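Here is what each chain is made of, one letter per residue.
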Amino acid sequence: MADQQLVRLLEELVSIPSVSPEYVENPAAAGEARIAVFLADRLAASGFKVELDEVQPGRPNLIASFGPDQPRKTLLFEAHMDTVGVAGMSRPPFQAAFEGSLLYARGACDDKGPMAAALAALSRDRLEKLAAAGVQIVFAGVMGEETGNIGAVRLVEKGLRADQIVVLEPTELSIIHTHKGMIWLRVEVGGLAAHGSNPDRGVNAITGMSDVMQFLHRRIAEDQRLRHDPVLGRPTLNIGMIRGGYAVNIVPDSCSIEADRRTLPGEDEAAIIERIRGGLVELQGEGRITSHSVRVIKVGRPFQTAENCSLIRALKQGIEQAGRKPRLEGAAWYSDAGILSQIASEVVVFGPGSIKQAHTADEHIDLDDLQAGCDIVRRFLDGMADGSRQGEG
Ligand SMILES: [Zn+2]
């Protein structure tokens, strides 16, 4: 049975709409400001120093810290405050519905359940013990995760410091210690228009783009031969969009594609983009296209935390003490951990709930998992307070 205060907290969190404004069914439900204020009040009441950082109008990050100004160690919990939209949901999205051990609502597992599990563990007496052991706890509620990880990028730009980071996301209580990164590119090529009855007088940009795509597939095949990660597998390429041409009887003078290249830890994003540019220069030199451009839409870094680092050992211990078997895994999806790995070498993604229920019409979380997540964080923190006093970790 889940603790009533923990369930009540999650009920409150899901009752505060915080839909990412890009999902615009209902403007009144948009933005993270309300939930940021709720979190700020709650954390201030527990003794946290609280700051709201307005990243975009009405869309703040919340940063709260507890503990010494010169800590021996800073542990950051990061959770995103935004949710995806609510169109087509099977139940009222902003009101917890209970069925058996399940709680249904938008954000139940992504990301308010994992957020609640950590918040409920951050009690005043536990925080005081950690502070006495020289451990500073930072809780960051970020905006804009669902649309470009902009809140996490802002944390890094602001110079936030941490030694260890737990990104709270629904991982079914597995410790995710690595995931791939991504490069999203828009490639445009130019040709020369001509009448379709005289194609030799023109340069067909669609045919040229087909050469570009063959080049991209040769490149990824080569990268896949050279690179393999035991957990994440191989790098990948998906060409997800193509656009070009006007009419069947016109030689097209432009064509564009969007490509999604997934990267492994250790790959150099700039080098990958440079090699693609090099291929385009070559095709232009051969007269297959008349111009080209490559625009980077998004770069997300991969991350990989060493399996035997002190953060993972401590979290594993907390999981064992809560009566569960620790699981260490890689993930196929992307998260703020990629961005936050720039500021700390020990980063994991962890939390109750399943990514399978995230973004769905019947998003829910199992309250037994929620409780287990909270118990694990409590034991993890208590172990850290004890271990730090003994000079470990
Ligand atoms: Zn999420």
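Every residue gets a number counted from 1 within its own chain, in the order that chain's sequence is written. Selection of residues for local features in this predicted model requires a pLDDT of at least 70, selection of side-chain atom pairs for listing and counting requires 80 or more, and totals for whole chains, interfaces and linings are taken over all residues. Side-chain metrics in this entry use all non-hydrogen atoms of the structure; hydrogen atoms and water are not considered.

How would you sum up helix H5 (residues 150-157)? Please name residues and give values.
The buried label applies to any residue whose accessible area, calculated with a 1.4 Å probe on protein chains only, is under 20% of its type's maximum; exposed applies above 50%, and partly exposed to all values in between. Every helix listed is a DSSP run of H or I at least four residues long, and every strand listed is a run of E at least two residues long, numbered separately from the N terminus. Of all the positions in H5, only Gly151, Ala152 and Leu155 are classed as buried. Seen along its axis, H5 keeps its buried residues to an arc of 100°; they face one direction. Where H5 is buried, its residues contact strand S2 (59-66), strand S3 (73-80), strand S6 (135-142) and helix H9 (337-340). Downstream of H5 by one or two residues, Gly159 has phi in the positive range, about 80°. Each direction from the helix axis to a C-beta atom contributes to the arc, which is the arc of those directions. We call two residues contacting when some pair of their heavy atoms lies within 4.5 Å.

Please provide a residue-by-residue account of the coordination of the zinc ion, values included.
For the zinc ion, the full set of protein donor atoms is His80 (NE2), Asp110 (OD) and Glu169 (OE), and the range of their distances to it is 1.9 to 2.1 Å. Only N, O and S atoms count as donors, using a 2.8 Å limit from the metal and a wider 3.2 Å limit for Na, K and Ca, and since water is excluded some coordination spheres may look unfilled. Each donor residue of the zinc ion lies on one chain, and together they are spaced H-x29-D-x58-E. Here the residue His80 occupies a position in strand S3, and Glu169 occupies one in the loop between strand S7 (164-168) and strand S8 (175-179), the gap between them amounting to 89 residues. This pair shows no difference in class: His80 is buried, exactly as Glu169 is.

Explain the state of the cysteines to me, using residue names and the numbers behind them.
Cysteine sulfur atoms that come within 2.5 Å of each other are treated as a disulfide pair. Under the defined criterion, the tally for this structure stands at zero disulfides. In this structure Cys374 is not part of a disulfide, and its nearest cysteine sulfur, from Cys109, lies 17 Å away.

I'd love a proper account of the packing of aromatic side chains, names of residues and values included.
Each aromatic pair joins two rings of Phe, Tyr and Trp (for Trp, the six-membered one) with centres within 6.5 Å, and gets the label stacked for planes under 30 degrees apart, edge-to-face for over 60, and tilted for any other angle. One pass over the structure, following the stated rule, counts one aromatic pair. For the ring pair Phe48 and Phe66, a centre distance of 5.7 Å and an interplane angle of 65° mean the geometry is edge-to-face. Placement of the pair is Phe48 in the loop between helix H2 (33-45) and strand S1 (49-56) and Phe66 in strand S2, with a sequence separation of 18 residues. Phe66 shares its class with Phe48; the two are buried. Whether a charge lies above a ring is judged from NZ of Lys or CZ of Arg, which has to be within 6 Å of the ring centre and within 35 degrees of the ring normal. Against the face of Tyr104 rests Arg91, its NZ or CZ located 3.6 Å from the ring centre. The ring of Trp184 carries Lys298 above its face, with NZ or CZ at 5.5 Å from the centroid.

Break down the sheet that holds strand S11 (residues 236-244) for me, citing the residues and quoting the values.
One requirement defines pairing of two strands: DSSP has to find at least two bridges between them. Read from one edge to the other, the open sheet built from four strands follows the order S11-S13-S9-S14, with strand pairing classed as antiparallel. Of all strands in the sheet, those with a lone pairing partner are S11 and strand S14 (291-300), marking the two edges. Within this sheet the neighbouring strands show an average axis-to-axis angle of 15°, counted without direction. Axis angles are defined between N-to-C directions and span 0 to 180 degrees, where every axis is a line fitted to C-alpha atoms and, for a helix, only to the segment in contact. The strands touched by helix H6 (residues 205-226) are strand S9 (181-190), S11 and strand S13 (254-263); relative to S11, the strand with the most contacts, the crossing angle is about 175°. The strands touched by helix H7 (residues 269-285) are S9, S13 and S14; relative to S14, the strand with the most contacts, the crossing angle is about 165°.

So what's going on with the domain arrangement of the chain? Residues and values would help.
Domain delimitation follows an automatic or database domain assignment. Taken domain by domain, the chain comprises domain 1 (4-179 + 302-389) and domain 2 (181-300). Centre-to-centre separation of domain 1 and domain 2, based on C-alpha positions: 38 Å. The interface is formed by 13 residues belonging to domain 1 together with 12 residues belonging to domain 2. Note: buried area is the sum, over both parts, of the accessible area (probe 1.4 Å) each one loses when the two are combined. Roughly 810 Å² is buried in total at the junction of domain 1 and domain 2, and carbon and sulfur atoms are behind 63% of that figure.

Outline empty space enclosed by the protein, listing residues and values.
Here a cavity denotes grid points, spaced 1 Å and computed from the protein atoms alone, that fit a 1.4 Å probe unable to get out, and a pocket denotes an open set having protein on both sides within 12 Å along at least 5 of 7 lines; residues with an atom within 4 Å of a point are the lining. Grid points are joined across faces, edges and corners, and a volume is the space filled by probe spheres set on the points. Summed over the entire model, instances satisfying the criterion amount to two cavities of 30 Å³ or more. In this structure, the largest cavity encloses a volume near 110 Å³. Sorting the residues of the lining of the largest cavity by element identifies H6, S13 and H7 as the ones contributing at least two each. The leading source of residues in the lining of the largest cavity is H6, at four residues. For the lining of the largest cavity, the class distribution of residues is seven nonpolar, no polar and four charged. Within this model, the second largest cavity holds a volume of roughly 30 Å³. As for the second largest cavity, its lining consists of Val19, Tyr23, Glu25, Asn26, Ala29, Val86 and Phe94. Its residues assigned to classes, the lining of the second largest cavity comprises five nonpolar, one polar and one charged. Ten residues, namely Ala, Val, Leu, Ile, Met, Phe, Trp, Tyr, Cys and Pro, are considered nonpolar, four, namely Asp, Glu, Lys and Arg, are considered charged, and the remaining ones, Gly among them, are considered polar.

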